[in-house]
Amino acid sequence: MTANGTFSRQDAMAALAWQLDLGADECIADAPVNRYDAPPPPKLPKMGTGSNIAPLGQSTATQAAPVMAAIEESAAEVAALLAKRATTLDALRNAMATFEHCALKKGARNLVFADGIPGARIMVVGEAPGRDEDLAGKPFVGRAGQFLDRMFDAIGLARDRSQAPIYITNVLPWRPPQNRDPDADEIAMMLPFLTRHIELAAPEMLVLMGNTACKALLGRTGITRMRGTWTQAAGRPALPMFHPAAVLRDPIKKRDCWADLLTLQDRLRA
């Protein structure tokens, strides 16, 4: 609500998203309408940059896609508004904890926000929590997380080392069912929180672990081609690397992983 007591566009979008989440996807009149006699309803105005919601006379299948698109667009706008209002990492964590538009939250035990030391020169971005991370409420604590710790320890960095720390988060804060890959809608919905997280943590450079992190912050995938080459993400130098889980599945990747760590070490020393 604005200072003069009126509702802003963001408030209206948030209210609409709330109604859609409750299942309100069409208007119900006080009396039944004969669809054969009634004139076609006017098209609704566009919501942001998305498509119009289909007229009520169309089939359920025809209506489904634009309604879902409106839900996703509204959720992303709500996320962007909440993220923008957060001025500290604690405030951002609270904003994410109260965000109700991502269905993953309903099946997760804990919000997995971050670990390590804020203000570290290196911020590591993974994809999403697994079972161990969901139980602990911290990123990278399972087998892949233990391997990640050994990776960075090899070049003198650690999440709990005050003199040479790293800071770790994920694209998504909630565990996807069965540890499946995050889908495009989930990434887009939570991206405002991730970009704000980077702004508030203020790292000097990013390490993007795997295709999901690259898709979120670079808009493309193909980690085998991208790994080891510095690029720009969220206004900062970024180094794509294989995800530790991928290295554990395919030990041949350890050679590339070590080469990338040395590339990171050289950048830190420059």
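Residues numbered from 1 in each chain as written. Predicted model: local features only at pLDDT ≥ 70, side-chain atom pairs only at ≥ 80, totals over all residues. Heavy atoms only, no water.

K.L.:
Before we go on, may I ask you to explain the overall build of the chain in this structure?
P.N.:
Each helix and strand in the chain was counted, giving 11 helices and 6 strands. Within the chain, the proportion of its 270 residues that are buried is 44%. Restricting to contacts in the chain with at least 6 residues of sequence separation, those with at least 24 account for 68%. Just so you have it, the chain exposes about 14,500 Å², and 53% of that area is on carbon and sulfur atoms. (Helix = DSSP H or I, 4+ residues; strand = E, 2+ residues; numbered from the N terminus. Buried < 20%, exposed > 50% of the residue type's maximum accessible area, 1.4 Å probe, protein only. Contact = heavy atoms within 4.5 Å. Areas by Shrake-Rupley, 256 points an atom, 1.4 Å probe, with all protein chains shown as cover.)

K.L.:
Hey, could you run me through the nonpolar core in this one?
P.N.:
In summary, soluble globular proteins display a tendency toward joint burial of nonpolar side chains. With 64 residues, the main nonpolar core has Phe99, Phe152 and Leu208 as its most contacted residues. Looking at this core, the element that brings in the most residues is helix H7 (residues 184-201), giving 7 residues. (Core = buried A, V, L, I, M, F, W, Y, C linked by side-chain atoms within 4.5 Å.)

K.L.:
Is there a simple way to think about the packing of helix H3 (residues 89-98) against H7 in this case?
P.N.:
Relative orientation and spacing of two packed helices are given, respectively, by the angle between their axes and the distance between those axes. Interaxial distance between H3 and H7 falls to 10 Å at its minimum, and their mutual angle equals 165°. Considering the angle they form, H3 stands roughly antiparallel to H7. As for how H3 packs across H7, the hand of that crossing is left-handed. Contacts between H3 and H7 pair Leu89, Leu92, Ala95 and Met96 from the former with Phe193, Arg196, His197, Leu200 and Ala201 from the latter. Its residues assigned to classes, the contact of H3 with H7 shows 7 nonpolar, 1 polar and 1 charged. (Axes fitted to C-alpha atoms, helices over the stretch in contact; angles between N-to-C directions. Parallel < 35°, antiparallel > 145°, perpendicular 65-115°, else oblique. Left-handed = near helix turned anticlockwise from the far one by under 90°. Nonpolar A, V, L, I, M, F, W, Y, C, P; charged D, E, K, R; others polar.)

K.L.:
Explain helix H11 (residues 254-269) here, please?
P.N.:
Turn by turn, an α-helix covers 3.6 residues, leaving residues three or four places apart pointing in a common direction. Compared with the 22 Å implied by 1.5 Å per residue over 16 residues, the 23 Å span of H11 between its first and last C-alpha is a close match. Where H11 is buried, its residues contact strand S2 (122-126), helix H6 (143-153), strand S4 (205-209), strand S6 (236-241) and helix H10 (244-249). (Expected span 1.5 Å × (residues − 1).)

K.L.:
Explanation requested: the packing of aromatic side chains in the structure shown.
P.N.:
Each pair of aromatic rings is reported with the distance of its centres and the angle of its planes. Summed over the entire model, instances satisfying the criterion amount to 1 aromatic pair. Here the aromatic rings of Phe99 and Phe193 are separated by 5.3 Å at their centres, their planes lie at 75°, and the arrangement is edge-to-face. Separated by 94 residues along the polypeptide, Phe99 in the loop between H3 and helix H4 (104-107) and Phe193 in helix H7 bring together distant segments of the chain. We note that Phe99, like Phe193, is buried. The lysine or arginine in question, Lys253, covers the ring of Phe242, its NZ or CZ lying 5.2 Å from the ring centre. (Phe/Tyr/Trp six-rings, centres within 6.5 Å; stacked < 30°, edge-to-face > 60°. Lys NZ or Arg CZ within 6 Å of the ring centre and 35° of its normal.)

K.L.:
How do you make sense of the sheet that holds strand S5 (residues 231-233) when you look at a structure like this?
P.N.:
Note: strands within a sheet are paired through backbone hydrogen bonds, in either parallel or antiparallel orientation. Here we have 6 strands laid out as an open sheet, ordered S1-S3-S2-S4-S6-S5, and mixed in their pairing. Looking at strand neighbours, the two that pair on one side only are strand S1 (115-116) and S5, the edges of this open sheet. The strands that helix H8 (residues 211-218) touches are S2, S4, S5 and S6; relative to S4, the one it contacts most, it runs at about 130°. (Pairing = 2+ DSSP bridges.)

K.L.:
In this structure, what is going on with the pattern of salt bridges? I would like to understand it.
P.N.:
Working definition: two side chains of opposite charge can pair if their charged atoms are close together. Evaluation of the coordinates by the stated rule reveals 11 salt bridges. Salt-bridge contacts for Asp115 lead to Arg159; the nearest nitrogen and oxygen are separated by 2.9 Å. Pair noted here: Asp115 is in strand S1 and Arg159 is in the loop between H6 and strand S3 (166-170), with a separation of 44 residues, a long-range link. The same class applies to Asp115 as to Arg159, namely buried. As a salt-bridge pair, Arg159 and Asp149 come within 3.0 Å of each other at their nearest N and O atoms. Note that Arg159 is positioned in the loop between H6 and S3 and Asp149 in helix H6, a separation of 10 residues in sequence. Owing to a relative accessible area of 11%, Arg159 belongs among the buried residues under this scheme. (Salt bridge = Lys/Arg side-chain N within 4 Å of Asp/Glu carboxyl O.)

From the geometry alone we can't say anything about function, so treat these as descriptive.
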